[in-house]
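Chain by chain, the residues:
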Amino acid sequence: MDLRQLRYFVSIVEVGSFSKAAHRLRVAQPALSQHVRNMEIDLGVELLFRSPQGVRATEAGETLVRHARLILSQMEVAREAVRRGQGEPEGEVRFGLPGTVSQMLCVPLLSEARRRYPKIKLRVAEAMSGFVLDWLREGKIDLGVLYRSVADRTLLARRVLSEELCLLGPADPMERPHPPPGPVSFSDIADLTLILPSLGHGLRDLIEERALSENVHLSTVIDIDTYGQIKLLVEGGLGYSILPGAALRAEVEKGLLRTWPMGEPVLSRDLHLVRPADRPMSNAVRAIEELAHATLVRLVREGAWPADLIDDEAGAAALRERVLG
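Our subject in this report is the structure included herewith. (Residues numbered from 1 in each chain as written. Predicted model: local features only at pLDDT ≥ 70, side-chain atom pairs only at ≥ 80, totals over all residues. Heavy atoms only, no water.)

1. Overview of the overall build of the chain
Within the chain one finds twelve helices and twelve strands. With the principal axes as the frame, the chain shows a C-alpha extent of 70 × 50 × 35 Å. With 325 residues in all, the chain has 45% of them scored as buried. A separation threshold of at least 6 residues defines the contact pool for the chain, and within that pool the share at least 24 residues apart is 75%. Roughly 16600 Å² of accessible area belongs to the chain as shown, and the carbon and sulfur atoms make up 51% of that amount. Across the chain, the mean location of the 41 positive side-chain charges is 9 Å away from that of the 44 negative side-chain charges. (Helix = DSSP H or I, 4+ residues; strand = E, 2+ residues; numbered from the N terminus. Buried < 20%, exposed > 50% of the residue type's maximum accessible area, 1.4 Å probe, protein only. Contact = heavy atoms within 4.5 Å. Areas by Shrake-Rupley, 256 points an atom, 1.4 Å probe, with all protein chains shown as cover. Lys, Arg positive; Asp, Glu negative; His and termini not counted. Charge placed at Lys NZ, Arg CZ, Asp CG, Glu CD.)

Okay, structure coming up:
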């Protein structure tokens, strides 16, 4: 096997089709098929399962894909180091973001990255934290944002901010009066019909842990994982929910939703910037990681993102000065 065959194989697995991979790689489809056959003969195993719906990796193929991604990543770092040393960053950076983070971070980060690093191609993929974590472990992305701590030696996590959660309800009361103004306790929330992410979602798990610690049973009428749909359902008067304040700013300002702070102790979650620890980091990935951190810090300080910074003031200021100028 050689690097070209590994690159071809990874592309075929990612798109699930020889024809699509051929188009992406600008290689004739018969040539791709021959490369895979040669690899299977060399290794003595089947690497791909072919069906009318496309192709997918066998168990042996999945093992090869994991190693191939690591090898190709290391080769890209070596190529960059030889060509440019510590010069201007260039190359592709794959960044995974949860929906609420993407809503706040994506545009300012892409705009600043384009201005500062025109030779970096930043690809942003949006998904729930669980999928972002899987992508990091599988080597499908170079950086990610997670709303959970990571107990994994293959990943490095950097806490950035702590985000407060709040109760939200429709602008007008439903069948019963709204909770009174001011903080609400979990015992008060137990009397409300709730629309929450499904069990296993990071936010739902956090809410359930807090409810369990206070011996409170929550009445959930709808489980749905999309924050946008949760807000629309609450706006329509179908129930209340618990979401981060940053995700509700626009609707509250328009008078579509009402919010209440959670009672003491405040219910919050930490945001982490995460990258793989088991492969070298290119200049491009390092530049985007620092730029993402500085952009998050700036959004919090300017009041665009209601949250508390984890980093000390001096360290955050120095990073912002170094990255943003």
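2. Description of the packing of aromatic side chains
For the structure shown, the criterion picks out one aromatic pair. When the ring centre of Y147 is taken as origin, the NZ or CZ atom of R269, which lies over that ring, is 3.4 Å away. (Phe/Tyr/Trp six-rings, centres within 6.5 Å; stacked < 30°, edge-to-face > 60°. Lys NZ or Arg CZ within 6 Å of the ring centre and 35° of its normal.)

3. Overview of the layout of surface pockets
By rolling a water-sized probe across the atoms, one finds the places where empty space is left. Empty space within the largest pocket amounts to approximately 1400 Å³. Elements represented by at least two residues in the lining of the largest pocket include exactly helix 1 (3-15), helix 2 (18-25), helix 4 (59-84), strand 3 (91-97), strand 4 (120-126), helix 6 (129-138) and strand 11 (268-276). Per-element tally for the lining of the largest pocket: the top contributor is helix 4, with eleven residues. For the lining of the largest pocket, a count of residues per class yields 19 nonpolar, six polar and 20 charged. Of the pockets and cavities examined, the second largest pocket occupies roughly 380 Å³. Lining the second largest pocket we find 23 residues, and of these G99, M128, H201, D225 and Y227 sit closest to its centre. Counting only elements with at least two residues in the lining of the second largest pocket, the list comes to helix 5 (99-116), helix 6, helix 8 (202-213) and helix 9 (227-235). Of the residues contributing to the lining of the second largest pocket, the split by class is seven nonpolar, eleven polar and five charged. (1 Å grid on protein atoms, 1.4 Å probe; cavity = no way out; pocket = protein on both sides within 12 Å on 5 of 7 lines; lining within 4 Å. Points joined across faces, edges and corners; volume = space filled by probe spheres on them. Nonpolar A, V, L, I, M, F, W, Y, C, P; charged D, E, K, R; others polar.)

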